[in-house]
Amino acid sequence: AVAKFPKALATLAIICLLAVPALLTAKAFSQDIQAHVEVMEDKYIVGPGDVLSYNVFRQPEFSQPDILVRPDGNASFNGLGELPVGGKTIQEISRLIEGQVQEYFVDPRVTVSLVKARASTVYLSGAVLKPGMYQLSSSPNSSSIQANAGITRFDLKVSNILANAGGVQLDSDLSRVEVRRADNSGVRTVNLWKILKGESSAEDVWVQSGDTIHVPRLESAALSEEDYDLLLRSSIGPSVFPVRIMG
């Protein structure tokens, strides 16, 4: 006898195809999200876990890549020994090293760079598929002039974080997504439906280290058929969802 596939399987296959992300392209990570960090050298405060490099022009013995800042805030520099760099900006560290190497060279040219920024976290709560704490593994971005006020900013926005975390649940209220800033600057409410419908990209705000993203649930009314289909087609739609077969 020839096996017959039930209509439910065919319907499920079609719905799964509709759920392919079309809004964003983001690689999914379970609890570790890769990002580029944008920092200003006169604003970013170096701390434990950061990786630095330094170079004295035409003095290779006083140059070194991949200098780890230890938990006590100190770091070991070739030719200089231990230096306290925690709590200082990149420019302050450069001046510190210049003062040290002036004992050996006249008018030294010192370059200090941030090779890798320490890992930071973002928190997800509410109507999301995988709530919890997400770590941002970061590397410096060449467009460093974008950051301000001493804040480390990543090139990830709210929608990127939600997509990487498995998406939102079907009863999420995307018109009232809250972004609570870690710097106590307040809570910003964004309407992600405007992103999905192509009305305003400004609603998709940048994520900062320590931020909490909260997605509330719909209070009463369910999604319309049009919004339901739009959500499933986007990358912030749930990666797993129930299927109801009619007829």
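Asks: Break down helix α5 (residues 225-233) for me, citing the residues and quoting the values.
Replies: Among the residues of α5, Asp227, Leu231 and Leu232 are the ones counted as buried. Down the axis of α5, the buried set is contained in an arc of 135°. They therefore lie on one face. Among the exposed residues of α5, those oriented more than 90 degrees off its buried face are Glu225 and Glu226.

Asks: Mind laying out the packing of aromatic side chains, listing which residues take part and the relevant values?
Replies: Scanning the entire structure with this criterion turns up four aromatic pairs. With a centroid separation of 5.4 Å and 40° between ring planes, the pair formed by Phe62 and Tyr104 is classed as tilted. Residue Phe62 is found in the loop between β2 (51-56) and β3 (64-68), and its partner Tyr104 is found in the loop between α2 (90-101) and β6 (110-116); the two are separated by 42 residues along the sequence. The class for Tyr104 is partly exposed, based on a relative accessible area of 48%.

Asks: If you had to explain the nonpolar core to someone new, which residues and values would you point to?
Replies: Formed by 26 residues in total, the largest nonpolar core has its most connected members in Val158, Leu162, Leu174, Leu192 and Ile213. Put simply, the parts of the chain that give this core at least two residues each are β7 (120-126), β8 (132-140), α3 (158-164), β10 (177-180), α4 (193-196) and β13 (212-215). Counting residues in each nonpolar core, the second largest holds 22 residues, with Tyr44, Val69, Ala75 and Val110 among its members.

Reading guide: rules and limits
- Note on numbering: residues in each chain are counted from 1, in written sequence order.
- Local features in this predicted model are restricted to residues whose pLDDT is 70 or higher, and side-chain atom pairs enter the listing and the counts only when it is 80 or higher, whereas totals over whole chains, interfaces and linings include all residues.
- Remark: hydrogens and water are excluded; side-chain values derive from all non-hydrogen atoms of the structure.
- Note on exposure labels: buried denotes an accessible area under 20% of the residue type's maximum, exposed denotes more than 50%, and partly exposed covers the range between, all computed with a 1.4 Å probe on protein chains only.
- Where helices and strands are cited, they refer to DSSP runs of H or I of at least four residues and of E of at least two residues respectively, numbered from the N terminus.
- Along the arc lie the directions from the helix axis toward the C-beta atoms.
- Note on aromatic pairs: the rings of Phe, Tyr and Trp (six-membered ring only in Trp) are paired at centre separations within 6.5 Å, and the planes decide the class, stacked below 30 degrees, edge-to-face beyond 60, tilted for the rest.
- We call a set of buried Ala, Val, Leu, Ile, Met, Phe, Trp, Tyr and Cys residues a nonpolar core when their side-chain atoms join them within 4.5 Å.

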